[in-house]
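# A structural walkthrough
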Amino acid sequence: MIYKLKTNTMKKTILISVMIFAMSFNVHAQLLHLGVKAGLNYANLNGTNVQTDAITSYHAGLVAEIKLMENLSIQPELLYTTQGATYKTVLGDVKNELGYIAIPVMAKIYLNHTISLELGPQASFLLSQKNNFDTRNSNTFDFAVAAGLGLKVTKNIFIEGRYGIGLTDVSPSAQTKNSVTQVSAGLMF
């Protein structure tokens, strides 16, 4: 009888341990969501004396959302994004396109279950530069701040609008900074 009691106690202990582990896994799954996003950029350069026009480009990458509190999350991202401008010259338009790996870390404040405000810093590392002329080399690092709005269309599908303004110069020989308006759609898993 003592053996049977120990076996039942042991079964209950194992069952309770498995239930606690399963609940803990479920809580962690609710706190971290991973996904992908892609969208359009409308980018230009600020601070130049040369007349520039914005370029339309793209961004795409990975996104994570880490829930801190009921209405507050942190959203780190890893994106490939292209920015730059078209310069007006006597010889015609010259397009300068800069390809970056961008790492924005956005604080998301949920106003309700579907709408969020986003604000945070973004560090970008230059990977490529495509231009129709060879003038100045660009800085390999760009630091910016970004703000925007997010909308959860469904539990897994979202859209975002964001504006980012560069705080560092694009080139060491010019006092120009990136600015970009982004519209994105994404899927959380």
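Here goes a summary of the coordinates provided.

Cut-offs and rules
- Residues numbered from 1 in each chain as written.
- Predicted model: local features only at pLDDT ≥ 70, side-chain atom pairs only at ≥ 80, totals over all residues.
- Heavy atoms only, no water.
- Phe/Tyr/Trp six-rings, centres within 6.5 Å; stacked < 30°, edge-to-face > 60°.
- Helix = DSSP H or I, 4+ residues; strand = E, 2+ residues; numbered from the N terminus.
- Buried < 20%, exposed > 50% of the residue type's maximum accessible area, 1.4 Å probe, protein only.
- Contact = heavy atoms within 4.5 Å.
- Pairing = 2+ DSSP bridges.

### Notes on the packing of aromatic side chains
- Within this structure, the stated rule accounts for 2 aromatic pairs.
- An angle of 40 degrees between the planes, with centres 6.1 Å apart, marks the rings of Y58 and Y80 as tilted. With Y58 in strand β3 (residues 55–69) and Y80 in strand β4 (residues 72–89), this residue pair connects regions lying 22 residues apart in the sequence.
- The exposure class assigned to Y80 is partly exposed, which follows from its relative accessible area of 25%.
- Residues F125 and F141 carry aromatic rings whose centres are separated by 5.4 Å and whose planes lie at 55 degrees to one another, so their mutual orientation is tilted. With F125 in strand β6 (residues 115–131) and F141 in strand β7 (residues 141–152), the pair connects residues that are 16 residues apart, well separated along the chain.
- Assessed through its relative accessible area of 35%, F141 is described here as partly exposed.

### Details of the environment of L117
- Tracing the backbone shows L117 in strand β6.
- Judged by its relative accessible area of 37%, L117 falls in the partly exposed class.
- Taking the C-alpha atoms as reference, L117 lies 9.9 Å from G161; in sequence the two are 44 residues apart.
- Leave out the neighbours within four places in its chain, and L117 touches A107, K108, I109, L111, G148 and L149.

### Remarks on the pairing of strand β5 (residues 92–110)
- Relative to β5, β4 is paired through 16 bridges, and the arrangement is antiparallel. The residue bridging Y80 from the neighbouring strand is I101, located in β5.
- Counted along the chain from β4 to the antiparallel partner β5, the turn is 2 residues long.
- Here β5 hands over to β6 after 4 residues, the two strands then running antiparallel side by side.

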